[in-house]
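Chain by chain, the residues:
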Amino acid sequence: MSAGSSEEDIDDIIDEICNDSSFTKTPLKLKSDSASLTPERSSAVVQAHRKRCCPVYLGGSSSPYGIGTNVSKRTCDQLRCTACDFRVSLFNDYIWDQSCDYLFFRNNMPELTKLRAKMIKKKGARAYACQCSWRSIDELTDLQTEHQLRWVCGKHAE
């Protein structure tokens, strides 16, 4: 089979699909509340409702949640791990016990009842964990300084 005949076969298939009368020829309609939006404006509106922290901050329980910026310095509560693809859980006024290890989190995330076995109460701290990594944080910390963590902001709804 030559390359030319293969291309002709593909072209024939495409023509057959395009000429099939079973497909409707009418364009899809937008919802009534977004009918006036052009594709460019529509994508801008969607992006405006979903923002990422830049930079991403971790912090103790006294640090407010929200979209972190250089000006607002809020801790991200929408963290996601790119290594295990798990949402990062956070627990105010707790730290992780020194005996915590990878298998503990791998087997127990995200079940709070099981995680409590290795949580220690500490006012002002915040315990963070996914299935593969964990941190206890007391003060505002830029995530970029925590090189071994593969956490990113999973976007915030406004």
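Before reading further, recall that the structure is shown in the block above.
Now for a description of the structure that goes with this document. (Residues numbered from 1 in each chain as written. Predicted model: local features only at pLDDT ≥ 70, side-chain atom pairs only at ≥ 80, totals over all residues. Heavy atoms only, no water.)

**As for the side chain of Arg126**
Tracing the chain through its elements places Arg126 in strand 5 (residues 119–129). This buried residue, Arg126, is left without a salt bridge; Asp93 holds the nearest opposite charge, at 7.9 Å. Side chain to side chain, Arg126 and Tyr128 meet in a polar contact 3.3 Å long. (Helix = DSSP H or I, 4+ residues; strand = E, 2+ residues; numbered from the N terminus. Buried < 20%, exposed > 50% of the residue type's maximum accessible area, 1.4 Å probe, protein only. Lys, Arg positive; Asp, Glu negative; His and termini not counted. Salt bridge = Lys/Arg side-chain N within 4 Å of Asp/Glu carboxyl O. Polar contact = N/O pair within 3.5 Å; in protein donor to acceptor, adjacent residues only side chain to side chain.)

**Some thoughts on the pattern of salt bridges**
Pairing is possible between side chains of opposite charge, provided their charged atoms come close. In total, this model carries four salt bridges according to the counting rule given. In this structure, Glu146 engages Arg135 in a salt bridge whose closest nitrogen and oxygen atoms are separated by 2.8 Å. Note that Glu146 is positioned in the loop between strand 7 (141–142) and strand 8 (151–153) and Arg135 in strand 6 (residues 134–137), a separation of eleven residues in sequence. The same class applies to Glu146 as to Arg135, namely buried.

**Description of the nonpolar core**
Core analysis: the largest hydrophobic core is formed by 16 residues, its most contacted members being Val56, Leu58, Leu79, Tyr128, Leu143 and Trp151. Within the residue set of this core, elements represented by two or more residues are strand 3 (79–81) and strand 8. Setting aside anything within four residues of it in sequence, one finds Trp151 in contact with Leu58, Leu79, Arg80, Cys81, Val88, Tyr128, Ala129, Cys130, Ser133, Trp134, Arg135 and Leu143. Counting residues in each nonpolar core, the second largest holds eleven residues, with Phe91, Tyr94, Phe104 and Ala129 among its members. (Core = buried A, V, L, I, M, F, W, Y, C linked by side-chain atoms within 4.5 Å. Contact = heavy atoms within 4.5 Å.)

**Description of the pairing of strand 5**
Of the strand pairs in this sheet, strand 4 (residues 89–96) and strand 5 are connected by seven bridges, and their pairing is antiparallel. Note that in strand 5 the partner of Asn92 across the bridge is Arg126. As judged from the four bridges shared by strand 5 and strand 6, these two strands associate in the antiparallel manner. Of the residues in strand 6, the one forming a bridge with Ala127 is Ser136. Hairpin connection, strand 5 to strand 6: the antiparallel pair is bridged by four residues. (Pairing = 2+ DSSP bridges.)

**Notes on the sheet that holds strand 4**
Taken together, the three strands give an open sheet; going across it, the order is 4-5-6, and neighbouring strands pair in antiparallel fashion. One side of each edge strand has no neighbouring strand; the edge strands of this open sheet are strand 4 and strand 6. For this sheet, the mean inter-axis angle between neighbouring strands, taken without regard to orientation, is 35°. (Axes fitted to C-alpha atoms, helices over the stretch in contact; angles between N-to-C directions.)

**Comments concerning the packing of aromatic side chains**
For the coordinates displayed, the defined rule picks out five aromatic pairs. Measuring from ring centre to ring centre gives 4.8 Å for Phe105 and Trp134, while their planes differ by 25°; the resulting arrangement is stacked. In this pair, Phe105 sits in helix 3 (residues 102–108) while Trp134 sits in strand 6, placing the two residues 29 residues apart along the sequence. Among the aromatic residues, those joined into a cluster by ring pairs are Phe91, Trp96, Phe104, Phe105 and Trp134. The residue whose ring lies beneath Lys118 is Phe104, and the NZ or CZ to ring-centre distance is 5.4 Å. (Phe/Tyr/Trp six-rings, centres within 6.5 Å; stacked < 30°, edge-to-face > 60°. Lys NZ or Arg CZ within 6 Å of the ring centre and 35° of its normal.)

Any functional reading would require information beyond the geometric quantities listed.
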